[in-house]
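# Structural characterization, general
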Amino acid sequence: MAIKKTFRGEISLYFSLVFILFTVAILTFQYQREKKYRTAQLENTLDIVTKITWRFIEQNHLAQDNKIDRVKELQSLLPQPNTRITVIDNNGKVLFDSFVDDYQLMENHLMRPEIQKAINSDFGSYIRRSSTTNQEFYYYARHFQNYFIRAALVYNIEVKTLLKTGSVYIIFVAGLFVLIGILLFWVTGRLTDVITKLKDFSIKAGKNELVEIENTFPENELGTIGRQIIQIYNKLKKTKDDLSNEKEKLFNHLDALDEGIAFFSSEKVQTLSNSRFFQYVNLISKKAVISPEKMLKAKEFKNLIEFLNQHKNDIVKIAAENLPKLEYTVSKNEKYFKIQSIIFADKSFEVVITDVTRLEKRRLLKQQLTSNIAHELKTPLASIKGYLETILENSPMPEDKQKYFIEKAFNQSERLTELINDVSLINNIEDAGELFEFIEVDINKIVDDVYQNYANRIEKNKINFFIEIKPNTVINGNESLLFSIFQNFVENSIQYGGTKIQIQIKCYHQDEKYYYFSYSDTGVGIPDTHLPRIFERFYRIDHGRTREKGGTGLGLAIVKNAVQLHKGEISVKNNPNGGTEFLFSLSKK
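Below is a short write-up of the structure. Since the structure is predicted, the reported quantities are computational estimates derived from the model, not experimental observations.

### Here's the deal with the packing of helix H11 (residues 443-453) against helix H13 (residues 479-496)
At a minimum axis distance of 9 Å, the contact between H11 and H13 shows a crossing angle of 50°. Judged by the inter-axis angle, H11 sits oblique to H13. The crossing of H11 and H13 is right-handed. On H13, the residues that touch Ile443, Lys445, Ile446, Val447, Asp449, Val450 and Asn453 of H11 are Glu479, Leu482, Phe483, Phe486, Gln487 and Val490. Grouping the amino acids of the contact of H11 with H13 by side-chain chemistry returns eight nonpolar, two polar and three charged.

Below is the structure:
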């Protein structure tokens, strides 16, 4: 039969263990402290001997006069008459030893442990047996300018006793242990009554019952704590009941929403969802999904799964003000669903699925309308081109005039074709940006391709072209749109900037999320009154000049939309020394 542990028994056991550990630690500390103190006393005495010896040598010029053996005159004046004094030069040769008469024959002492320590610091000490006298000594050596002075005491019973610590402190601590144990036994008896009442309270609390505040608690701090615990419990129970009611309201609200909403723990376990979420998940998935958790394994939710896995494995702490978010659209059986997700600081996350079929079809209708307009424009253009080509082949008029008008008409048709392409591109960026394929793109390669496309015109206009972008400047973006950004800039500079200008493209800064680029030229610039509107569709600074030199009026609008699709921003300014500078950012991911 197992013995039931009591509070008093457990706390006594814990106290004993803690106090024993504490006692051992204190005794060890005190032992080391007293040992160091006694050792320091002994070394201080020997240090005084070395300094007295040094003063005696220096004041009497014994080293200069080669009379070091006069040091033996000090023996009778020292506090310890049996102190051994040795003088050793810097090369280790023994110049004097008070215990050895023929000290000139002693071996070199440079490698003695105490001498080596004195070389590396002010002094050195060591306990060892002397190879000369065959006695065990406590050595202490100090290095002076031209020699070492070593003082030593025979390591006998007297010295060992001096260094030995006392045992009075151990007896004191043991007595204190017994006294505190008796006091603890009495205190635990007082505590038992309060603990018993708190145990009865915990049993009732476990049954989710309201508990009346006991008046039998003692009138002390423990009694106050007991009453406060019961009072707090009753408040918490009331709060819990209120939260249950609010939770029920929340469930009713979620079920009334048109969106499907679900909350998941950091371990991808669903904690809360509405019925519409389950309905939408099954509409999107090819296979029947029994539970929301299985959604996170379906291939139809690949983008969501990759997003969640990326941030789950990310060791960087998520900041509350910058939570990771995902938003994309999927189509299934002529229905369109917008999937949104946000990851919270504790790695739990929310998934929202919205049926955007109506909005998406409206967008597609608008897109189709734009495409139809483009088609209607292309049809007469094809006819015009065919007609003009026929005139060129069967011209009744002078050949030079025929060619002149035909080339004019042909150029206009090409310009209209370019316009249609630009309108189509900008509509795609604005209305179907999520459909563009994003891959890792090297910006240096993009800029180099643009330069190669315009190399002949750049050379013809005597333009200096500078690129200041570091290798491996890679972003996750659409290669075609990124090409359009730099292409439109360069084409504008060539067409409107003039000759013998300078074009500079550089990445002047980067942080964790963005690269920051600058595109500038030293051309004629843009009047300040036009700067706020140059990113508008079809906006032209000089209509006559634009028509004369070509262009659709959509180039910078395409640039702005392409930058925004890459989560960046763009601005423009005129440089004080002439020319225009565009500053824009592109997201790394």
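### A look at the packing of aromatic side chains
Between two aromatic rings, the relevant description is the distance of the centres plus the angle of the planes. If you walk through the whole model with that rule in mind, you get 20 aromatic pairs. Measuring from ring centre to ring centre gives 5.4 Å for Tyr280 and Phe337, while their planes differ by 55°; the resulting arrangement is tilted. With a gap of 57 residues between them, Tyr280 in helix H6 (residues 275-284) and Phe337 in strand S9 (residues 335-343) connect regions that are remote in the sequence. For Phe337, a relative accessible area of 0% gives the class buried. On the basis of an interplanar angle of 40° and a centroid distance of 5.7 Å, the ring pair of Phe489 and Phe584 is categorised as tilted. In this pair, Phe489 sits in helix H13 while Phe584 sits in strand S17 (residues 580-587), placing the two residues 95 residues apart along the sequence. Accessibility classification places Phe489 together with Phe584 in one group, the buried group. Ring pairing ties together the aromatic residues Phe486, Phe489, Tyr515, Phe517, Tyr519, Phe535, Phe582 and Phe584, which thus form one cluster. Its guanidinium or amino end placed over the ring of Phe137, Arg84 lies 5.0 Å from that ring's centre, counting from NZ or CZ. Directly above the ring of Tyr515 sits Lys588, whose terminal nitrogen or CZ lies 4.8 Å from the centroid.

### Here's the deal with the sheet that holds strand S16 (residues 570-574)
On the basis of which strands lie adjacent, the open sheet formed by five strands has the order S12-S14-S15-S17-S16 and mixed pairing. Each end of this open sheet is capped by a strand with a single partner; those strands are strand S12 (464-468) and S16. In this sheet, neighbouring strand axes are inclined to one another by 15° on average, regardless of whether the strands run parallel or antiparallel. Strand direction decides the pairing type here: strand S14 (residues 502-510) and strand S15 (residues 514-521), joined by seven bridges, are antiparallel. By the bridge assignment, His509 is partnered in S15 with Tyr516. Across the sheet, H13 lies against S12, S14, S15, S16 and S17, angled at about 175° from S17, the strand it touches most. Along the sheet, helix H15 (residues 555-565) contacts S16 and S17; its crossing angle with S17, the most-contacted strand, is approximately 30°.

### Quick notes on the side chain of Thr473
Positionally, Thr473 belongs in the loop between S12 and strand S13 (474-477). The exposure class of Thr473 is buried, given its relative accessible area of 3%. Discounting residues that sit within four places of it in the chain, Thr473 has contacts with Val441, Asp442, Ile443, Tyr515 and Phe517.

### Side note on the nonpolar core
The biggest cluster of nonpolar side chains holds 44 residues, and the ones touching the most others in it are Ile443, Ile485, Phe486, Phe489, Phe582, Phe584 and Leu586. Of all the elements in the fold, those that place two or more residues in this core are helix H10 (399-431), H11, H13, S14, S15, H15, S16 and S17. Sorting elements by how many residues they give to this core places H13 first, with eight residues. Ignoring anything within four residues of it in the chain, the contact list for Phe584 reads Ile485, Phe486, Phe489, Tyr515, Tyr516, Phe517, Tyr519, Val563, Glu569 and Ile570.

### Looking at the pairing of strand S5 (residues 147-154)
Most of S5 is tucked away, with eight of its eight residues classed as buried. Examined bridge by bridge, strand S1 (residues 84-89) and S5 share six bridges and lie antiparallel to one another. Considered in S5, the bridge of Ile88 is made with Phe148. Taken together, the seven bridges between strand S4 (residues 136-143) and S5 define a ladder with antiparallel strand orientation. Bridged to Ala141 within S5 is Arg150. Two successive antiparallel strands, S4 and S5, enclose a turn made up of three residues.

Thresholds, definitions, all that
The residue count restarts for each chain, going from 1 along the sequence in the order it is written. For this predicted model, a pLDDT threshold of at least 70 governs which residues receive local features, and a threshold of 80 or more governs which side-chain atom pairs are given and counted, while totals over whole chains, interfaces and linings are taken from all residues. For the side-chain quantities, the full set of heavy atoms in the structure was used; hydrogens and water were omitted. To get an axis, fit a line to the C-alpha atoms, keeping to the stretch in contact for a helix; angles then go from 0 to 180 degrees between the N-to-C directions. The numbering of helices and of strands both runs from the N terminus, where a helix is a DSSP run of H or I of at least 4 residues and a strand a run of E of at least 2. Note on terminology: angles under 35 degrees are roughly parallel, angles over 145 are roughly antiparallel, angles of 65 to 115 are roughly perpendicular, and the others are oblique. Crossing chirality is assigned from the near helix's rotation relative to the far helix, an anticlockwise turn below a right angle marking it left-handed and a clockwise turn marking it right-handed. The contact criterion used is simple: two residues touch if any of their non-hydrogen atoms lie within 4.5 Å. Nonpolar residues are Ala, Val, Leu, Ile, Met, Phe, Trp, Tyr, Cys and Pro. Charged residues are Asp, Glu, Lys and Arg, and all others, Gly as well, are polar. A pair of aromatic rings is counted whenever rings of Phe, Tyr or Trp (Trp by its six-membered ring) have centres within 6.5 Å, and the orientation is called stacked for planes under 30 degrees apart, edge-to-face for over 60 and tilted otherwise. Note on classification: 1.4 Å probe, protein chains only; a residue is buried when its accessible area is under 20% of the maximum for its type, exposed when over 50%, partly exposed between these limits. Any Lys NZ or Arg CZ found within 6 Å of a ring centre and within 35 degrees of that ring's normal is scored as a charge over the ring. For two strands to be treated as a pair, DSSP must find no fewer than two bridges joining them. Note on terminology: a nonpolar core comprises buried Ala, Val, Leu, Ile, Met, Phe, Trp, Tyr and Cys residues joined through side-chain atoms within 4.5 Å.

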